[in-house]
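# Observations on chain architecture
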Amino acid sequence: MTQKIVITGISHGIGKSTAEKFAAEGWEVFGCGSNGGDGRGMEIAEGNPRIHYMQADISQEEEVRALFAWCGPVDAAFNNAGIGFEPREIHLMDAAQAKRVLEVNLFGAALCMKYECDLMLKHAGGVIVNNASVSACKAATGADAVYAASKAGLLRLTAEAAAQAAYRDRIKFFSVIPGWIETRMTAADDKEEWKRKLPSGRIGRPKQVAELVYAIVNGQNSFESGQEFQINGGGFLL
């Protein structure tokens, strides 16, 4: 029987690469994005019969409910959708932007987990992977403070879910912690500077995160749950 995964933020970057990786391995991929108006979400679905796309804003519960009614039972989920804005000092915070970051990056992931867990408990169980950030683990990464806080919250959300007795032996929860990956969000960064700083000597690519997520999901029968997987070229050491 073909396995199914739902991936949020599928239109570009890490989400897109992860969708392509799972599809290439024979999975049915159900993805969503809130920026479908630019056509990228539909393009990835039209180019691959194993990838299915729906426009949805994960901060809105009615849209999340519709997403999971559409995709039905899934074996795995990758809560990848996230947004960020230009870093600024706390006293210069744009309140509307900060609220939006928290709504998508933290509350939106929590909403998705609500429906993912419900579906998995009713069926064969599964594995959930949340996409955090190296900025959740250390300061002075160049990320906006509210963005970093949203990702730190996501790490705790993942760990607390893994510790809840209701999911024991049924659902496993993990976090991935990317650092400097070549995506739209890091397009304005000084890549040469980070290449000089990072122990890896290079910037990561979305495909590498996708391969890590696939490896985590396919180890779902292992002993672990609640672990955090660093993938940032040694950036957590700086």
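The structure we're discussing is the one just above.
Here's a quick rundown of the structure.

What counts and how
- Residues numbered from 1 in each chain as written.
- Predicted model: local features only at pLDDT ≥ 70, side-chain atom pairs only at ≥ 80, totals over all residues.
- Heavy atoms only, no water.
- Pairing = 2+ DSSP bridges.
- Helix = DSSP H or I, 4+ residues; strand = E, 2+ residues; numbered from the N terminus.
- Axes fitted to C-alpha atoms, helices over the stretch in contact; angles between N-to-C directions.
- Contact = heavy atoms within 4.5 Å.

## Let's talk about the sheet that holds strand E1 (residues 4-8)
- Pairing is parallel across the open sheet formed by seven strands, whose spatial order is E3-E2-E1-E4-E5-E6-E7. Looking along the sheet, the strands with just one partner apiece sit at the ends: strand E3 (51-55) and strand E7 (228-231). Going from strand to strand, the sheet's axes swing by 20 degrees on average, the running direction of each strand aside.
- Both E1 and strand E4 (residues 76-79) contribute to a ladder of three bridges, which runs parallel. Residue pairing across strands places Val6 opposite Ala77, the latter belonging to E4.
- Running at roughly 170 degrees to E1, helix H1 (residues 13-24) makes contact with E1, strand E2 (28-33), E3, E4, strand E5 (126-131) and strand E6 (171-178) of the sheet.

## Observations regarding the environment of Met93
- Inspection of the secondary structure assignment puts Met93 in the loop between E4 and helix H4 (95-122).
- In the structure, Met93 is positioned 53 residues away from Val146 in sequence and 8.8 Å away in space, judged by C-alpha atoms.

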